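# Results of the structural survey
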Amino acid sequence: MTDDPLSRVNTEIPSPARIYDLWLGGKDNYEVDRVVSEQILQAVPELPILAKTNREFLGRAVRYMAGEAGVRQFLDIGTGIPTADNTHQVAQSVSPDCKVVYVDNDPVVLAHARALLRGPGQGDTWFIDSDLREPAEIVAAAAEYLDFSQPVGLVLLGVVEFLPDSDRPKEIIQRLMAPMAPGSHLAISHGLVGKQLEDGVRSWNESGAVPITLRTHEQLTGFFDGLELLEPGVVALPRWRPTPETLYADREAVYYAGVGRKP
């Protein structure tokens, strides 16, 4: 990150990281993001709720991995713009010795990462400028900070849907997990095929941004092949091990999530 990431911002094309941040109440967005967001919300008005439930799932999954599972290293790919309860904050609140490596290639995210990593009390936290489509590059860069002979928590929330089937997302996930030690965990959240999301995705894909591919429940479950899929399996976001504080735990959702353990 030697250049100025903001010099690479394209304000003519919407960014999933900026729109997601907008739905979480953030301010780092441009007119194109707000226009496309409004078009999407006309089709799927509950998406800001889903953004919040996705964030809550992140917290529950990371707390489980750092707590009950004893994972002390995390690789969060497609992390998005830092907000409250980021992976490193959740993990290090459970155990201060947790190490976290973030991966993203959105220039606004990278600019925030610079500020984040200069901030006080961040613990062992690093950021890599890379793309999910380059698993070998990610593993090589992350290995400078993480010990792959010890368990790692791989976090892929709301990012795999930006890989079309032609990119072989299942193979990419397996290549990321391959060098990780037994006891490593994989957390995924992903949009599910269905009319409710398809109208919104159509607006997004017509905007010129990186297109989204929705997948079936069977396909999502297949991403955990070779792993021990933890209970309750691949379920609607709020239904993955909800706590009394979990919002909308009684509602169906069009985003699903699961966590698997490498045996």
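With an unreviewed UniProt entry as reference, the protein is termed SAM-dependent methyltransferase, source organism Nonomuraea ferruginea.

Count 3.6 residues to each turn of an α-helix, and residues three or four apart come out pointing the same way. Listing the buried residues of helix α7 (residues 169-177) in full gives Pro169, Ile172, Ile173, Leu176 and Met177. Down the axis of α7, the smallest arc covering the buried residues is 135 degrees, so these residues share one side. Where α7 is buried, its residues meet β1 (73-77), α6 (135-142), β4 (153-157) and β5 (185-191).

Tallying each qualifying case throughout the model produces five aromatic pairs. An angle of 90 degrees between the planes, with centres 5.5 Å apart, marks the rings of Phe57 and Trp240 as edge-to-face. Remark: Trp240 occurs in the loop between β7 (235-236) and β8 (255-261) and Phe57 occurs in helix α3 (residues 47-66); sequence separation between them is 183 residues. Looking at Phe57, the relative accessible area reads 0%, which means it is buried. Judged by centre distance (6.0 Å) and plane angle (35 degrees), the ring pair of Tyr102 and Phe127 falls under tilted. One end of the pair, Tyr102, is in strand β2 (residues 99-104); the other, Phe127, is in strand β3 (residues 124-129), and 25 residues separate them in sequence. Here Tyr102 and Phe127 have matching classes, each one buried. Within the aromatic cluster, the residues linked to one another by ring pairs are Phe57, Tyr64 and Trp240.

Summed over the entire model, instances satisfying the criterion amount to ten salt bridges. As a salt-bridge pair, Glu31 and Arg34 come within 3.3 Å of each other at their nearest N and O atoms. Here Glu31 and its partner Arg34 are both found in helix α2 (residues 31-43), three residues apart, which amounts to about one turn of the helix. Take Glu31: its relative accessible area is 52%, and that puts it in the exposed class. Taking the relative accessible area as the measure of exposure, Arg34 reaches 38% and is therefore partly exposed.

Right, let's talk about unusual backbone geometry for a bit. In terms of backbone geometry, most residues other than glycine have negative phi values and most peptide bonds are trans. Residue Pro232 follows Glu231 across a cis peptide bond; omega there is 10 degrees. In this structure, Pro232 sits in the loop between β6 (228-229) and β7. Phi angles above zero are rare outside glycine, and Arg168 is one such case at about 55 degrees. At Arg241, a position not held by glycine, the phi torsion is positive, near 45 degrees. Along the chain, Arg241 falls in the loop between β7 and β8. In this structure Arg241 comes out as partly exposed when scored by relative accessible area, which is 30%.

About the criteria used
- Here the residue index of a chain counts from 1 through its sequence in written order.
- In keeping with the predicted nature of the model, local features appear solely for residues at pLDDT of at least 70, side-chain atom pairs appear and are counted solely at 80 or more, and the whole-chain, interface and lining totals rest on all residues.
- The side-chain figures draw on all heavy atoms in the structure; neither hydrogens nor water molecules are used.
- Whether a residue is buried, partly exposed or exposed follows from its accessible area with a 1.4 Å probe, protein chains only, as a fraction of its type maximum: under 20%, in between, or over 50%, in that order.
- Numbering of helices and strands runs from the N terminus, with a helix taken as a DSSP run of H or I at least four residues long and a strand as a DSSP run of E at least two residues long.
- The directions from the helix axis to the C-beta atoms form the arc being described.
- Pairs of residues are marked as contacts when any of their non-hydrogen atoms sit within 4.5 Å.
- Put simply, two rings from Phe, Tyr or Trp (the six-membered ring, in Trp's case) pair if the centres are within 6.5 Å, and we call them stacked under 30 degrees between planes, edge-to-face over 60, tilted for the rest.
- For this analysis, a salt bridge means a side-chain nitrogen from Lys or Arg found within 4 Å of a carboxyl oxygen belonging to Asp or Glu.

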